[in-house]
Amino acid sequence: MKHIILDTDPGVDDALAFVLTFNSPELKVEAVTTVAGNVNHEKGHRNAKKLLEFLGKTDVPICAGAVNPMLRKMSHAEEFHGKTGLGDTELPEPKMQTDPRSAVQMILEKADELGKNLTLVAVGPLTNIAAAILSDPALPEKVKELVIMGGAFNLTPYGHGNANAVAEFNIWHDPEAARIVFNSGIPMVCAGLDTTTYPEYRMSTEMFNEIKSKNTARSNLVVDLCGSLVKRFNGFSLHDPQAVAYVIDPTIFTTEKYKVDLEVHGEITRGMTVVERRSYRRNPNEENHEIIIKVDAERFLKLIMDRVVGE
Ligand code: BDR
Ligand code: CA
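Report follows, based on the coordinates. Bear in mind the structure is a predicted one, so any value in this text is a computation, not a measurement.

Definitions and cut-offs
Residues numbered from 1 in each chain as written. Chains lettered and ligands numbered in written order. Predicted model: local features only at pLDDT ≥ 70, side-chain atom pairs only at ≥ 80, totals over all residues. Heavy atoms only, no water. Near = heavy atom within 4 Å. Polar contact = N/O pair within 3.5 Å; in protein donor to acceptor, adjacent residues only side chain to side chain. Areas by Shrake-Rupley, 256 points an atom, 1.4 Å probe, with all protein chains shown as cover. 1 Å grid on protein atoms, 1.4 Å probe; cavity = no way out; pocket = protein on both sides within 12 Å on 5 of 7 lines; lining within 4 Å. Sits in = over half its atoms within 2 Å of the grid points. Helix = DSSP H or I, 4+ residues; strand = E, 2+ residues; numbered from the N terminus. Nonpolar A, V, L, I, M, F, W, Y, C, P; charged D, E, K, R; others polar. Buried < 20%, exposed > 50% of the residue type's maximum accessible area, 1.4 Å probe, protein only. Contact = heavy atoms within 4.5 Å. Axes fitted to C-alpha atoms, helices over the stretch in contact; angles between N-to-C directions. Parallel < 35°, antiparallel > 145°, perpendicular 65-115°, else oblique.

Remarks on the site of ligand 1
As a matter of local geometry, ligand 1 sits amid Asp 13, Asp 14, Asn 38, His 81, Val 123, Met 149, Asn 162, Glu 168, Phe 169, Asn 170, His 239 and Asp 240. Residue Val 123 places a main-chain N or O atom 3.0 Å away from an oxygen atom belonging to ligand 1. The protein chains hide 96% of the 280 Å² of surface that ligand 1 would expose on its own. Spatially, ligand 1 is embedded in the largest pocket. Put simply, the parts of the chain that give the shell around ligand 1 at least two residues each are α1 (12–22), α7 (169–173) and α12 (239–248). Across the shell around ligand 1, the residue classes tally to three nonpolar, five polar and four charged.

Structure (structure tokens):
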């Protein structure tokens, strides 16, 4: 059993990651922490509660996190995720209470309690994780690892940006936070756009239609979440579920280790994740960023069907 904290900005694909997480007996969710990103923090936090209530997981502590990026102005992706952040869903207004501990407090507390048995899973901007590292610089050595959805590493033909030509949204949204995290020494695994937008690893229109035909509470949720995006983008990129799937079963994935740094000043490259590939500069002792470069499509999509959609 893996103990995790899920740090998230729900978000349509975050919502799928929730369903995957809470239907996976391999994972024990210690807390959900929210961060501003796809939508403002208030909406994202409410969405996280809606999802926990939908899944019957109201016993999981939910903690509020960063309302803004560290230095930048808040920007959102409602154009993609819909006004509420959850596509066309109409989940009831949530009743559950927010835990009195902040996201940072919860992360630090659980790291002290669980140490190497704690995996941090961050599928939104890295503001909360950076703030936790600034509060406790020993955090990177305490936990097992940090698994993120983030980055565009140019390691596959699809490893280009979505927020600009070279940067992925989560990193672009708060590049200073990402820089702190990537340079902190914390062991990281990154599910970036290289594999989350790779055509074979996406939810195809055929897969969506199969989900739709099931007509269960969970399949209908998936349809309401991503139906319009499937039409718009000819399928749906399973960004955040890919990071969670890695935690559930890393054998589905092939990774390569590099040292990655962040571009924060670039006029047109803000948030670029820069991979050191020069052989004469590579030093295995510094390479603590494991990048997913390949996915066993069949096993990954089966996991999504079995766990997110179910029977
Ligand atoms: C990432 O940004 C958000 O839009 C998604 O939730 C995902 O975490 C993809 O770039
Ligand atoms: Ca997200």
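Concerning the environment of Asn 170
Among the secondary structure elements, Asn 170 is positioned in helix α7. The buried category is assigned to Asn 170, whose relative accessible area is 4%. Linking Asn 170 and Gly 150, residues 20 residues apart in sequence, is a C-alpha distance of 5.7 Å. Not counting chain neighbours up to four residues away, the residues in contact with Asn 170 comprise Asp 9, Val 123, Gly 124, Pro 125, Leu 126 and Met 149. Here Val 123 takes part through its backbone oxygen, which lies 3.4 Å from a polar atom of the side chain of Asn 170.

Considering the packing of helix α11 (residues 217–233) against helix α13 (residues 297–309)
Closest axis-to-axis distance for the α11/α13 pair is 8 Å, and the angle between their directions is 115°. As far as their axial angle goes, α13 and α11 are roughly perpendicular. Facing α11, whose interface residues are Arg 218, Ser 219 and Val 222, α13 presents Asp 306, Arg 307, Val 308 and Val 309. For the contact of α11 with α13, a count of residues per class yields three nonpolar, one polar and three charged.

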